[in-house]
Amino acid sequence: MFLILTQEDNPLYEKRFQLKKQTLNSQQILNAQFALHSSLDIFDEKLKTSKELFLKEIEQKQDYKIYGYVTSSGLRFLVMTDQDEEKVKGFCQQAHEQLIKVLMNPLYQIGQPIVSFYFDYYISQLIQNKLNP
Amino acid sequence: MLERNLRTLRPETNYCTFSYLFSEYMLLLKRKYGNDYTTINQKMEQLGSNVGIRLYEVVCLRERNKRETKVLEQLKFIQGIFWKHLFGKQADSLERIKDKNNEYLIRDENPLLLRYVSEESPISPANFIVGILEGVFQVSGFQVSITYQFKSDDKQSYYPHTIFILQFEDQQN
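Residues numbered from 1 in each chain as written. Chains lettered and ligands numbered in written order. Predicted model: local features only at pLDDT ≥ 70, side-chain atom pairs only at ≥ 80, totals over all residues. Heavy atoms only, no water.

**Q** Can you lay out the overall build of chain B for me, pointing to particular residues and giving the numbers?
**A** Helix and strand content of chain B: four helices and four strands. Its helices and strands in sequence order give chain B the pattern α-α-α-β-β-α-β-β, from N to C terminus. Burial analysis of chain B (173 residues in total) assigns 40% to the buried set. Contacts spanning at least 24 positions in sequence make up 57% of the contacts within chain B whose residues lie at least 6 apart. Summed over its atoms, the accessible surface of chain B is roughly 10,500 Å², and 48% of this surface lies on carbon and sulfur atoms. (Helix = DSSP H or I, 4+ residues; strand = E, 2+ residues; numbered from the N terminus. Buried < 20%, exposed > 50% of the residue type's maximum accessible area, 1.4 Å probe, protein only. Contact = heavy atoms within 4.5 Å. Areas by Shrake-Rupley, 256 points an atom, 1.4 Å probe, with all protein chains shown as cover.)

This is the structure:
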């Protein structure tokens, strides 16, 4: 699962993707969302100490790992997957570039949910290319 | 449009074009709000902060910058690299006001936008620059209030310098 949040933790974008050809039922989706949101305090701690953009592994659950990434303007990415760190880092950097292109739209108000179709499509492509085994 | 590379620099725009565009914008505001100077200045600051947030993201991407957590480093980045992207040269100086730990000055002689505007007018493009700075600091997590002043120097420059005064709130850590 992939989430983009603002500085005040308002969700801007959310993408669910399937791992290992499991179908997710709604209970697992809820669990995934809960796990991601509950790792936000660790995210904040790492934010204060680190100067980097990619915050590496924040938390580890039974099967999945949660990775964090911050953009320069304080938007937060959260990725929950079982892939390696390198792949997730590449994914986050590409997603960051695409997000900046969405931001550049003068008609897009900063802080509103992202509804651009092309952004959605690009993220799906990225997930298929990078995050699938 | 979405497939263009963000990392390649765009060619610079014409100064006349930009100043024409900006002067038309100021005239629009004047027509709309008349003599309500505070609203006009606020609108310019809002526009500035929108521009500032977006430009800050792009500049950070291009310069491969990591985030800054300290105030002074952030200010140095703004004075050097960011100002260069905005106006083509670095800001002239960054100083700390004596006896006050949280106040800093950014001084620029003859900034681009203010070249043809007299400094006594109550509406000024300096508000736009203030808006840009406010936007940048707001998203990097620092609380700051910014004002500007014109100060003439005893040395041989013909026009007064523009000074942006940044007052930071007390930060923990």
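**Q** Lay out the overall build of chain A in plain terms, naming residues and giving numbers.
**A** Scanning chain A from terminus to terminus reveals four helices and five strands. When the helices and strands of chain A are placed in sequence order, the string is β-β-α-α-β-β-β-α-α. Relative to a compact globule of 133 residues, whose C-alpha radius of gyration would be 14 Å, chain A shows 14 Å and is just as compact. For chain A, the C-alpha atoms occupy an extent of roughly 40 × 35 × 25 Å along the three principal directions. Within the span of chain A, comprising 133 residues, buried residues form 47% of the whole. Across chain A, the fraction of contacts at a sequence separation of at least 24, relative to all contacts at a separation of at least 6, is 54%. On chain A, roughly 7,200 Å² of surface is accessible, and the fraction owed to carbon and sulfur atoms is 48%. Across chain A, the mean location of the 15 positive side-chain charges is 4 Å away from that of the 16 negative side-chain charges. (Rg over C-alpha atoms; globule rule 2.2 N^0.38 Å. Lys, Arg positive; Asp, Glu negative; His and termini not counted. Charge placed at Lys NZ, Arg CZ, Asp CG, Glu CD.)

**Q** Run through the packing of helix H3 (residues 85-103) of chain A against helix H2 (residues 37-62) of chain B, naming residues and quoting values.
**A** Interhelical geometry of H3 of chain A versus H2 of chain B gives an angle of 150° and a closest axis separation of 10 Å. The orientation of H3 of chain A with respect to H2 of chain B, classified from their angle, is roughly antiparallel. Between H3 of chain A and H2 of chain B the crossing geometry is left-handed. Across the interface between the two elements, His96, Glu97, Ile100 and Leu103 of chain A from H3 of chain A touch Arg54, Glu57, Val58 and Leu61 of chain B from H2 of chain B. Its residues assigned to classes, the contact of H3 of chain A with H2 of chain B shows four nonpolar, one polar and three charged. (Axes fitted to C-alpha atoms, helices over the stretch in contact; angles between N-to-C directions. Parallel < 35°, antiparallel > 145°, perpendicular 65-115°, else oblique. Left-handed = near helix turned anticlockwise from the far one by under 90°. Nonpolar A, V, L, I, M, F, W, Y, C, P; charged D, E, K, R; others polar.)

**Q** So what about the pattern of salt bridges? Which residues, and what values?
**A** Residue and element names in this part refer to chain A. Counted by the stated rule, this structure contains one salt bridge over all chains. Asp44 is the partner of Arg76 in a salt bridge, and the nearest nitrogen-oxygen pair spans 3.0 Å. Within this pair, whereas Arg76 is found in strand E5 (residues 76-81), its partner Asp44 is found in helix H2 (residues 40-49), the two being separated by 32 residues in sequence. Classification of Asp44 as partly exposed rests on a relative accessible area of 30%. (Salt bridge = Lys/Arg side-chain N within 4 Å of Asp/Glu carboxyl O.)

**Q** Give me the sheet that holds strand E2 (residues 11-15) of chain A: which residues, what numbers.
**A** Residues and elements named next belong to chain A. Across the sheet, which stays open at both edges, the five strands sit in the order E2-E1-E5-E4-E3 with antiparallel pairing between neighbours. Where the open sheet ends on each side, the last strands, each with one partner, are E2 and strand E3 (54-60). The average angle at which neighbouring strand axes cross in this sheet is 15°, direction not considered. Looking at chain direction, strand E4 (residues 65-70) and E5 are connected through six bridges and run antiparallel. Paired with Ile66 across the bridge in E5 is Met80. (Pairing = 2+ DSSP bridges.)

**Q** So, the environment of Asp108 of chain B: which residues are in play, and what are the values?
**A** All names here are of chain B. With respect to the helices and strands, Asp108 occurs in strand E2 (residues 103-108). Sequence-wise, Asp108 and Lys70 are 38 residues apart; in three dimensions their C-alpha atoms are separated by 23 Å. Ignoring sequence-local partners within four residues, the contact set of Asp108 consists of Trp83, Lys89, Asp92, His161 and Thr162.

**Q** I'd love a proper account of the nonpolar core, names of residues and values included.
**A** Core analysis: the biggest nonpolar cluster contains 37 residues, and Ile78, Trp83, Phe137, Phe164, Leu166 and Phe168 of chain B have the highest contact counts within it. Of all the elements, helix H4 (residues 126-140) of chain B adds the most residues to this core, at nine residues. Once you skip the residues sitting within four places of it in the chain, Phe168 of chain B turns out to touch Val71, Leu75, Asn102, Tyr104, Phe137, Phe142, Gln143 and Val144 of chain B. Core analysis: the next-biggest nonpolar cluster, separate from the first, contains 25 residues, Leu12, Phe17, Leu99 and Val102 of chain A among them. (Core = buried A, V, L, I, M, F, W, Y, C linked by side-chain atoms within 4.5 Å.)

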